[in-house]
Amino acid sequence: MRAITVLLLVFLMLLQYRLWFGKNSVPDYLALEQEVERQIADNDKLKQRNKLLYADTDDLKSGVEAIEERARNELGMIKENETFFRLIPSEKNTMQIDPE
């Protein structure tokens, strides 16, 4: 009877070793769980980016306004008979105090 108890304890210890330190152990599971959470967050960011890109392409396909807006903002184009004004901020005069 004592031999069976010792054998069962040894078997239990081997199973515990595999559970905590072996292949596919609890720490491995926790690390993979964190990796899955990170990947889900990355996928959500990419899905949002894709939605914005799809909306942008739909705007470019359907209307002239989006094309005109891009031409104005990115290429600096203007329509005929329009006047373009560029406002350049002036440098502020800074007063320096001499330590005399």
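In short, a report on the structure. Computed from a predicted model, the values in this text were never measured in an experiment.

A count of helical and extended segments in the chain gives three helices and zero strands. Its helices and strands taken in sequence order, the chain reads α-α-α from the N to the C terminus. Expected size for 100 residues packed as a compact globule is a radius of gyration near 13 Å; at 34 Å, the chain overshoots this value by more than 25%. Oriented by its inertia axes, the alpha-carbon framework of the chain measures out at about 105 × 70 × 10 Å.

This part is about unusual backbone geometry. Positive phi, close to 60 degrees, is recorded for N24, a residue that is not glycine. By the element assignment, N24 lies in the loop between helix 1 (2–21) and helix 2 (26–62).

Opposite charge on two side chains permits them to pair, given that their charged atoms come into close proximity. In total, this model carries seven salt bridges according to the counting rule given. Close ionic contact of D56 with R70 constitutes a salt bridge, the shortest N to O distance being 2.2 Å. Here R70 lies in helix 3 (residues 64–75) and D56 lies in helix 2, a separation of 14 residues in the sequence. Exposure remark for D56: the relative accessible area of 25% places this residue in the partly exposed category. Its salt-bridge partner being R70, residue E74 comes within 4.0 Å of it at the nearest N-O pair. With E74 and R70 both in helix 3, this residue pair falls four residues apart, about one helical turn.

This paragraph deals with the packing of aromatic side chains. With the rule as written, the count across this model stands at one aromatic pair. Both rings, one in Y17 and one in F21, keep their centres 5.5 Å apart while their planes meet at 40 degrees; by these two values the pair is tilted. You can see Y17 and its partner F21 sitting in helix 1, four residues apart, about one turn around the helix. One exposure class covers both Y17 and F21, and it is exposed.

With that out of the way, let us pick up the packing of helix 2 against helix 3. Two elements in contact, helix 2 and helix 3, have axes whose closest approach is 5 Å; the angle formed by their N-to-C orientations is 105 degrees. On the basis of their axis angle, the class for helix 2 and helix 3 is roughly perpendicular. Together, D56, D59 and L60 of helix 2 and A66, I67 and R70 of helix 3 make up the contact between the two elements. Its residues placed into classes, the contact of helix 2 with helix 3 shows three nonpolar, no polar and three charged.

About the cut-offs
- Sequence order as written defines residue numbering, which begins from 1 separately in each chain.
- Owing to the predicted nature of the model, reporting of local features is limited to residues with pLDDT of at least 70; listing and counting of side-chain atom pairs is limited to 80 or more, with chain, interface and lining totals taken over all residues.
- Derived side-chain values reflect all non-hydrogen atoms in the structure, with water molecules and hydrogen atoms excluded from consideration.
- Helix and strand definitions here come from DSSP, where helices need a minimum of 4 consecutive H or I residues and strands a minimum of 2 consecutive E residues; each element is numbered from the N-terminal end.
- Each radius of gyration reported is based on C-alpha atoms, and the globular scaling rule is 2.2 Å times the count of residues to the power 0.38.
- Salt bridges are defined by distance alone: a side-chain nitrogen of Lys or Arg within 4 Å of a carboxyl oxygen of Asp or Glu.
- Three labels apply to residues, based on accessible area from a 1.4 Å probe with only protein chains included: buried if under 20% of the type maximum, exposed if over 50%, partly exposed otherwise in between.
- Each pair of aromatic rings taken from Phe, Tyr and Trp, with Trp reduced to its six-membered ring, is defined by centres within 6.5 Å and is described as stacked if the planes are under 30 degrees apart, edge-to-face if over 60, and tilted in the remaining cases.
- Only the contacting stretch of a helix is used when fitting its axis, a line to C-alpha atoms as for every element, and angles between N-to-C directions run 0 to 180 degrees.
- An angle below 35 degrees is read as roughly parallel, one above 145 as roughly antiparallel, one from 65 to 115 as roughly perpendicular, and any other as oblique.
- Only heavy atoms enter the contact rule, under which two residues are in contact if any of them lie within 4.5 Å.
- As a working rule, the residues Ala, Val, Leu, Ile, Met, Phe, Trp, Tyr, Cys and Pro are called nonpolar, Asp, Glu, Lys and Arg charged, and the rest polar, with Gly in that last group.

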